Amino acid sequence: MPSMSSQPADNKPRKRTASGTVAGADVSRTKIESTDEPTLSFENYYNGWTVPATGNPTLERICFREQCTPSSFYEKFVAKRKPVVIVDAKGPDDNWRGHSKWNVDYLRKVAGEGEVRIEHRDSDQSKFGQGNHSKVKFSKFLDIVEGKADGREGGEKARKVYLTTQDLGMDDEGRPYLHSTPCTQLLRAGDFPPRPMMLDRLVPMNYNLWIGSTSTEPGSGSSSGLHHDFHDNLYILLSGRKTFRLFSPADAERMYTVGQIHKVHANGRICYSQDGQSADDIEADGSDKQARLAMEAAILHEKAEKQLADAERDVEAGVVRPGCCWICCDTAWWLTLFERIHSCYQEGAAEALERAEEGMDEALQQVMAAEVGSAPDGSDSDDDDDEGDEENGSDSNVSGAPEVAEDEPKRTTAPQHFSRVDLAESRETIARKFPKFMDAHCVTVTLHAGEMLYLPAGWFHEVTSESADAPAQSDTSNGAVVPADSHGGCHIAFNYWFHPPDGATYNEPYSSQFWERDWAQRQQAGCDGGPQL
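Everything quoted here is computed from the prediction, not taken from an experiment. (Residues numbered from 1 in each chain as written. Predicted model: local features only at pLDDT ≥ 70, side-chain atom pairs only at ≥ 80, totals over all residues. Heavy atoms only, no water.)

## Here we look at the overall build of the protein chain
Helix and strand content of the protein chain: 13 helices and 19 strands. Burial status across the protein chain gives 55% buried among its 533 residues. Considering only contacts within the protein chain whose residues lie at least 6 apart along the sequence, 76% involve residues at least 24 apart. On the protein chain, roughly 22,400 Å² of surface is accessible, and the fraction owed to carbon and sulfur atoms is 49%. (Helix = DSSP H or I, 4+ residues; strand = E, 2+ residues; numbered from the N terminus. Buried < 20%, exposed > 50% of the residue type's maximum accessible area, 1.4 Å probe, protein only. Contact = heavy atoms within 4.5 Å. Areas by Shrake-Rupley, 256 points an atom, 1.4 Å probe, with all protein chains shown as cover.)

Now the structure itself:
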């Protein structure tokens, strides 16, 4: 495909108009137009790696333990927003057990009694990622994908269902859980670390297991549909093959998304225009500005309480601080405290602190709910997705639709972070319907069992999944051992989603302590981020 602007040599942020031109040039803003979509206009600040405009682009493939440390991996790939394939037999952490244990029989034993949400498609030619869901027992789903359900129709039905992201409940503080069945059971069995060594400075948002089945015939793979995620993704393939077609966030204006893009942050985090929330309030790490302010006020509150307690102890002990009274010794701090509270809340200090705590709880709940796709549009309030369903829209029925049986799909609207471009159509058809897409730049990569893909937030991708030829591989070319019996003819993958970093360094990957503080609070509460079973 023809190329667009390459990465600037000085690596400084560039604001792009909707046409992709760099701000500051002597041009007027242009708008994206399509045949069946309202005129769109947004600013693209993306400053990461882009697919090369010429030649035959490929992704770098590395063995993490031989070539990287967590800090060098961050600097070379995470900070530069550069996808990379990781070939490492031990997985993302020494405590990773997925390669050696997770076959269908083991998964059924550990988590078979739990309920899961599965996605449906109408035929082998249809795409997943269209928001058609139902709920079944995990053991029943595994029977289906193994072809054991519904007699002779089992094999055909197996190819029409897919285990994707799950509904997440809320903890006692009103925050969505980080995982549910089957990941809850696998985490508590010690099968994967909550924060893998490979990306130990990033804060996890969610864990997911992906299971499906396809025919082993060439060209029979199932498609996720073209979409992007709102979080950084570490994708670990246990069985089968996955082919990713990738487009950088620099090409967002050429992707013809279902929703209207409002802004692309420098780290690739994409924000959408929507009712009830301003896209300008979403920071590059996915947090909300008001939630950040509330958190900062709560921190100031804690500091105030500590200083008051220290002062009371000094008084009781007869300690006299040098200079004047203790409060005068820290005048600058107190001025900062009350100025911040006044500017944020415009009310008395005591009331402001109380409202700050309440506001932070509410804002955090709204942000986290959006992160897991409870918003009707199915995105991180702008939401996410891995292969077409991190947030495939609300799980509720379309208004006025009849109730369906437990194992029949509920249909919802297409998520806003999906592209309307169907890559299965001919080049001529795509050029006629979506002409700007022809100027986007693609790199294609195929993952095999035992390999991993790091994919930064905002990268558009279509994933084609294929089951491994029977019998399942026992050893892959990268040395990873895949349990020989079988994954039941399935393709199985696991992924971590992380809040996208917007900081400058490995030691400070986020410009705010918002997500790290949230993680610490979960740990202090003695929970693993999941529900009681």
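## Description of the pattern of salt bridges
Applying the stated criterion across every chain, the model contains 25 salt bridges. The partner of Glu 253 in a salt bridge is Arg 254, with the nearest N and O atoms 3.3 Å apart. Its relative accessible area of 3% is what places Glu 253 among the buried residues. Between Arg 292 and Asp 502 there is a salt bridge, with the nearest N and O atoms lying 3.5 Å from each other. (Salt bridge = Lys/Arg side-chain N within 4 Å of Asp/Glu carboxyl O.)

## Examining the packing of aromatic side chains
Across all of its chains, the model carries 22 aromatic pairs by this definition. Geometrically, the ring pair formed by Phe 192 and Tyr 496 is edge-to-face, given 6.1 Å between the ring centres and 80° between the ring planes. One end of the pair, Phe 192, is in the loop between helix 7 (183-188) and strand 9 (204-213); the other, Tyr 496, is in strand 19 (residues 490-498), and 304 residues separate them in sequence. Classification of Tyr 496 as buried rests on a relative accessible area of 0%. Each residue in the set Trp 96, Trp 102, Phe 192, Tyr 207, Phe 494, Tyr 496 and Phe 498 is aromatic and connected to the rest through ring pairs, giving one cluster. The ring of Trp 519 carries the charged tip of Arg 195 above its face, separated from the ring centre by 5.2 Å. (Phe/Tyr/Trp six-rings, centres within 6.5 Å; stacked < 30°, edge-to-face > 60°. Lys NZ or Arg CZ within 6 Å of the ring centre and 35° of its normal.)

## A word on unusual backbone geometry
That bond from Thr 181 to Pro 182 is cis: its omega, 0°, falls within 30 degrees of zero. Along the polypeptide, Pro 182 turns up in the loop between strand 8 (161-163) and helix 7. Here Arg 81, not a glycine, exhibits a phi torsion of approximately 55°, which is positive. Structurally, the position occupied by Arg 81 is in the loop between helix 2 (70-78) and strand 5 (84-87). The backbone of Tyr 256 sits at a positive phi, close to 50°, despite the residue not being glycine. For Tyr 256, the location among the structural elements is in the loop between strand 12 (241-247) and strand 13 (261-264).

## Focus on the sheet that holds strand 3 (residues 43-44)
Taken in spatial order, the three strands line up as 3-13-14 in an open sheet, and their pairing is mixed. Each edge of the open sheet carries a strand with a single partner, namely strand 3 and strand 14 (270-272). (Pairing = 2+ DSSP bridges.)

## Thoughts on the nonpolar core
Phe 73, Phe 141, Ile 211 and Phe 494 are the most contacted members of the largest nonpolar core, which totals 54 residues. Leave out the neighbours within four places in its chain, and Phe 73 touches Ile 62, Phe 64, Cys 68, Val 78, Val 84, Ile 86, Met 198, Leu 199 and Tyr 454. Phe 42, Tyr 235, Phe 437 and Met 438 belong to the second-largest nonpolar core, a separate cluster that totals 42 residues. (Core = buried A, V, L, I, M, F, W, Y, C linked by side-chain atoms within 4.5 Å.)

## Focus on the sheet that holds strand 10 (residues 222-223)
Pairing within the open sheet is antiparallel, and its four strands lie in the order 10-18-12-16. The open sheet has two edge strands, strand 10 and strand 16 (443-448), and neither has a second partner. Strand direction decides the pairing type here: strand 12 and strand 16, joined by six bridges, are antiparallel. Looking across to strand 16, one finds that Phe 244 is bridged to Val 445.

## Some words on the side chain of Arg 117
Residue position: Arg 117 is located in strand 6 (residues 115-120). For Arg 117, a relative accessible area of 5% puts it in the buried group. There is a polar contact of 3.1 Å between the side chain of Arg 117 and the backbone oxygen of Thr 165. (Polar contact = N/O pair within 3.5 Å; in protein donor to acceptor, adjacent residues only side chain to side chain.)

## Quick word on the packing of helix 4 (residues 104-111) against helix 5 (residues 138-145)
Relative orientation of the contacting elements helix 4 and helix 5 amounts to 165°, with a least axis distance of 9 Å. By the angle between their directions, the pair helix 4 and helix 5 is classed as roughly antiparallel. Along this stretch, helix 4 crosses helix 5, giving a crossing that reads as left-handed. Contact with helix 4, carried on its side by Val 104, Leu 107, Arg 108 and Ala 111, involves Phe 138, Ser 139, Leu 142 and Asp 143 of helix 5 and no other residues of that element. Of the residues in the contact of helix 4 with helix 5, the class split is five nonpolar, one polar and two charged. (Axes fitted to C-alpha atoms, helices over the stretch in contact; angles between N-to-C directions. Parallel < 35°, antiparallel > 145°, perpendicular 65-115°, else oblique. Left-handed = near helix turned anticlockwise from the far one by under 90°. Nonpolar A, V, L, I, M, F, W, Y, C, P; charged D, E, K, R; others polar.)

## Quick look at helix 13 (residues 514-524)
Turning to helix 13, its buried residues number three or more, namely Phe 514, Trp 515, Arg 517, Asp 518, Trp 519 and Arg 522. Within two residues after helix 13, Gly 526 carries a phi angle of roughly 75°, on the positive side.

## A closer look at the pairing of strand 19
Burial analysis of strand 19 places nine of its nine residues in the buried class, the great majority of the element. Side chains Cys 490, Ile 492, Phe 494, Tyr 496 and Phe 498 of strand 19 all project onto a buried face; the interleaved residues His 491, Ala 493, Asn 495 and Trp 497 project onto the opposite face, where all are buried too. Direction of pairing for strand 9 relative to strand 19: antiparallel, over a ladder of nine bridges. Paired with Ser 213 across the two strands is Cys 490, which belongs to strand 19. Bridging between strand 11 (residues 232-239) and strand 19 involves seven bridges; their strand directions are antiparallel. Paired with Ile 236 across the strands is Phe 494, a residue of strand 19.

## Structural notes on helix 4
Since there are 3.6 residues in each turn of an α-helix, residues three or four apart along the chain are aligned in direction. Regarding helix 4, the residues found buried are Val 104, Tyr 106, Leu 107 and Ala 111. Buried residues of helix 4, viewed axially, fall in a sector of 160°; they line one side. Looking at the buried side of helix 4, the elements it contacts are helix 3 (98-101), helix 5, helix 7, strand 9 and strand 19. Sitting at the head of helix 4, Asn 103 places a side-chain oxygen 3.3 Å from the backbone nitrogen of Asp 105. (Arc of directions from axis to C-beta.)

## Quick notes on the environment of Ala 252
Relative to the helices and strands, Ala 252 is located in the loop between strand 12 and strand 13. Beyond its immediate sequence surroundings of up to four residues, Ala 252 is in contact with Phe 42, Asn 44, Ile 261, Val 264, Ile 270 and Phe 460.

## Digging into the pairing of strand 6
Summarising burial for strand 6: five of the six residues are buried, a large majority. The sheet contact formed by strand 6 and strand 7 (residues 132-137) spans five bridges and is antiparallel. Each residue of the ladder has a partner; that of Glu 115, found in strand 7, is Lys 137. Of the strand pairs in this sheet, strand 6 and strand 8 are connected by three bridges, and their pairing is antiparallel. Across the sheet, residue His 120 finds its bridge partner in strand 8, namely Val 161.

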